[in-house]
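# Summary of the model geometry
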Amino acid sequence: MSVDFASNFISILLGGLSAGTVLFIVSVGLSVTMGLMGFVNLAHGAFAMFGGYIVVLAMNRAHIGFAPALALAFVTTAVLSVLLERLLYRRLYRAGELDQVLFTLGLIFIFMAAITIVVGPESQPLQLPAALGGQLNLGFTRYRTYSIFLIVIGFLIVSGIWLAFERTRIGAQIRATVDNRRMAESLGINVDRLFTITFAFGSGMAGLGGGLGAEFLGLDPQYALKYLVYFLIVVSVGGLGSVAGVYFASLIIGILDFVLKLYLPKGGTIFIYALTILLLLWRPQGLLGKKET
Amino acid sequence: MSSSAFPTPAPAADTQLGHPAAHLLMTRHRFRWWEALPWIAAIGFYFAFPDYLGFGTELLIAILFALSLDLALGYAGIITLGHAAFFGTGAYAVGMLAFYGIWTEPMTGLVIAAVAAGVVGLLSGLVLLRTNGLTLLMLTLCTMALLQEGANMAHDYTGGFDGLPSLSIAPVFGVFEFNPLYADTQYLYTLAVLMICFLFVRTLVYSPFGQSLTGIRENLLRMHAIGSPVRRRLVVCYTISAAIAGIAGGLWAQTNAFVNLSAFDLDRAATVLIILILGGYGRLYGAFIGAIAYMALEHFLARLYPTAWQLGLGLLLVLIALFARNGILGLGDVLWRRYGVRHAAS
């Protein structure tokens, strides 16, 4: 009995953690860019979808391996996002939230339509490489190799980003700009360039996350809208511009979602929304976000 | 005499009153002749396109829904992504009462829908409107998702994902039945409800209350400084807006004779936002123009070329956000002013 319960518990934990990891990889860029510029970028999910499609198409049609396909997704999504940022996004930095919402909503529609035209409306399956299929023996239990792989990758990424934030010059500049943009600008930080770099990196991460999550989130043109609320919840619960906050929020919501979908398949996610509302009322800046001044 | 020694201020006041700006302020709430045009067009539509009355009913409901959003977003500046929460509440209030045969009278049904949605608006507004910006956006979105999942969870009562089909709605005034095949009763009934709600909203936005809403949107600090009860005004406005959205939802349930979870969809909330922005927000007729433009395009394009429609809609939104922030009516204003200036110069 107790052994059963324990292995159940661990499998739920691992499943939730791997889903949360994907949420984190997709959302971390959104958190940083929103924190930096205060730009409400609803199209972030569309970048994730784009990356996912790059991975699937590269693997299924060009027969590239999984790892190079992921790298390709990161690069192409980053390049695409820089183009959009230079040409369009920057015109709206000073505009109100409503214009930003409309603009990025429009981008979502364009992405959805473009993918339907180019690839087709049907859902795209992702075939994992043999090494990541199957089960992995962890000593105390066996679990899907791919989930363990995701959890490890996610941990490496969050450590890497955290180190880059805390230990590098550009990380310090980002932190300074999130804290006080005007002050950072007057100290000679090129906020414009900084933002382009983080935007590209964040979107690239979204593309990577889209590729990593395509196996269990599915991939169809509705993706950008379907998971948008989740990305936004993770970012606002974690706190704008806070990498650790987004990581914890992603893991919590990943586990909660996994448990609720298992035990309350009809409408169980109501608790996620309720908790988000309560948390945002208690701390509008999110778990680890800085209080707005 | 005394008047020559102490010139009375009356002439000065007269010239002030005669000033074009003063004149504009004093008469701006009056009805213009062209304000009858939408209603004449609506009645003309009834006679000209008897085969399209079902579509016409949908259009009128979209106008009403957009009008309710205009009150919150356009006038009070409350940016919400979750207005379908109230539409859905109204729809489910009507739908559940009718499905279980508790209450099928349509007009009182709409009152119930308005009250139900108004209560949800009041309760959520009391807590949500403490926040602003992204947090407010997220909270409105989450409230809507919460209600949708709630309706999904209570599937024993709400029918869950499948919703409640074939509602039986009593005839209007006990005489005019809703015919599912020929939507003439639905059309006229919806038109009458829209007209009443529109007159109410129109009176409201020209009242001192409506003026203070515009003030809150334009300069929050100043409204605080002159002692306006800002938060209370916003909550009241949000509640009224929610109640009208509830009426729109109730109409939707009654005229379609079903409800389902799509009433709470993010799609629906986004669409009404698009309609309002397309027409021009913060002005009374933006909802009309936007709904007509959007619904007509959708009706004729979306079914034939769904992907092209989505692409076009996306491009349109991007263009509006970048270049035409006040929508079609805003563009009209600009053209009118240019034409007017040229006209005056020549």
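For clarity, every value in this text was computed on a predicted model and none was experimentally measured. (Residues numbered from 1 in each chain as written. Chains lettered and ligands numbered in written order. Predicted model: local features only at pLDDT ≥ 70, side-chain atom pairs only at ≥ 80, totals over all residues.)

## Considering the nonpolar core
Within the largest apolar cluster, 195 residues are counted, with the highest numbers of intra-cluster contacts made by A:I108, B:I63, B:L64, B:A66, B:I247 and B:L317. Apart from residues no more than four positions distant in its own chain, A:I108 is found in contact with A:L42, A:A43, A:A46, A:A224 and A:L225. (Core = buried A, V, L, I, M, F, W, Y, C linked by C-beta atoms within 7 Å. Buried ≥ 20, exposed ≤ 12 C-beta atoms within 10 Å, placed from the backbone. Contact = placed C-beta atoms within 7 Å.)

## Considering the confidence of the model for chain B
All names here are of chain B. In this model, chain B carries an average pLDDT of 85, and 93% of its residues clear a pLDDT of 70 or more. Across chain B, element-level confidence peaks in helix α13 (residues 230-256) with a mean pLDDT of 94 and bottoms out in helix α1 (residues 2-5) with 47. Predicted complex, confidence summary: ipTM 0.84, pTM 0.86. (pLDDT = per-residue confidence, 0-100. Helix = DSSP H or I, 4+ residues; strand = E, 2+ residues; numbered from the N terminus.)

## What to know about the interface of chain B and chain A
In this complex, chain B contributes 35 residues to the contact, which on the side of chain A involves 33 residues. Listed by contribution, the elements that provide at least two residues to the side of chain B that touches chain A are α8 (133-153), α14 (266-279) and α16 (306-323) of chain B. Looking at which element gives the most residues to the side of chain B that touches chain A, the answer is α8(B), with 15 residues. For the side of chain B that touches chain A, the per-class residue count stands at 22 nonpolar, eleven polar and two charged. (Nonpolar A, V, L, I, M, F, W, Y, C, P; charged D, E, K, R; others polar.)

## Some details on the packing of helix α10 (residues 228-238) of chain A against α8(B)
When two helices pack together, their arrangement is given by the angle between the helix axes and the distance between those axes. Two numbers describe how α10(A) lies on α8(B): the axes approach to 11 Å, and their chain directions differ by 130°. Considered as vectors, α10(A) and α8(B) are oriented oblique to each other. For the pair α10(A) and α8(B), the crossing hand works out as left-handed. In this structure, α10(A) uses A:V229, A:L232 and A:S236 to contact α8(B), whose residues at the interface are B:L134, B:T135, B:M138, B:L141 and B:A145. Classifying every residue of the contact of α10(A) with α8(B) gives six nonpolar, two polar and no charged. (Axes fitted to C-alpha atoms, helices over the stretch in contact; angles between N-to-C directions. Parallel < 35°, antiparallel > 145°, perpendicular 65-115°, else oblique. Left-handed = near helix turned anticlockwise from the far one by under 90°.)

## Focus: the environment of A:L23
Residue and element names in this part refer to chain A. For L23, the location among the structural elements is in helix α1 (residues 2-37). Separated by 227 residues in the primary sequence, L23 and S250 have C-alpha atoms spaced 5.7 Å apart. Once residues within four sequence positions are removed from consideration, L23 is found in contact with Y230, V234, S250, I253 and G254.

## What to know about the packing of helix α15 (residues 286-302) of chain B against α16(B)
Residue and element names in this part refer to chain B. For the pair α15 and α16, the least separation of the axes is 8 Å and the interaxial angle reads 150°. For the element pair α15 / α16, the angle class is roughly antiparallel. For the pair α15 and α16, the contacting residues are E298, L301 and A302 in the first and P306, A308 and W309 in the second. Residue composition of the contact of α15 with α16, by class: five nonpolar, no polar and one charged.

## Overview of α14(B)
Given 3.6 residues to a turn, an α-helix orients residues that are three or four positions apart in the same direction. All names here are of chain B. For α14, built from 14 residues, the straight-helix expectation of 20 Å at 1.5 Å per residue is met to within 8% by its first-to-last C-alpha distance of 20 Å. Judged by how many residues are buried, α14 sits mostly within the fold: twelve of 14 residues are covered. Residues of α14 that are buried include every one of R268, A269, A270, T271, V272, L273, I274, I275, L276, I277, L278 and G279, and no others. Following α14 by one or two positions, G280 has its phi on the positive side, about 120°. (Expected span 1.5 Å × (residues − 1).)

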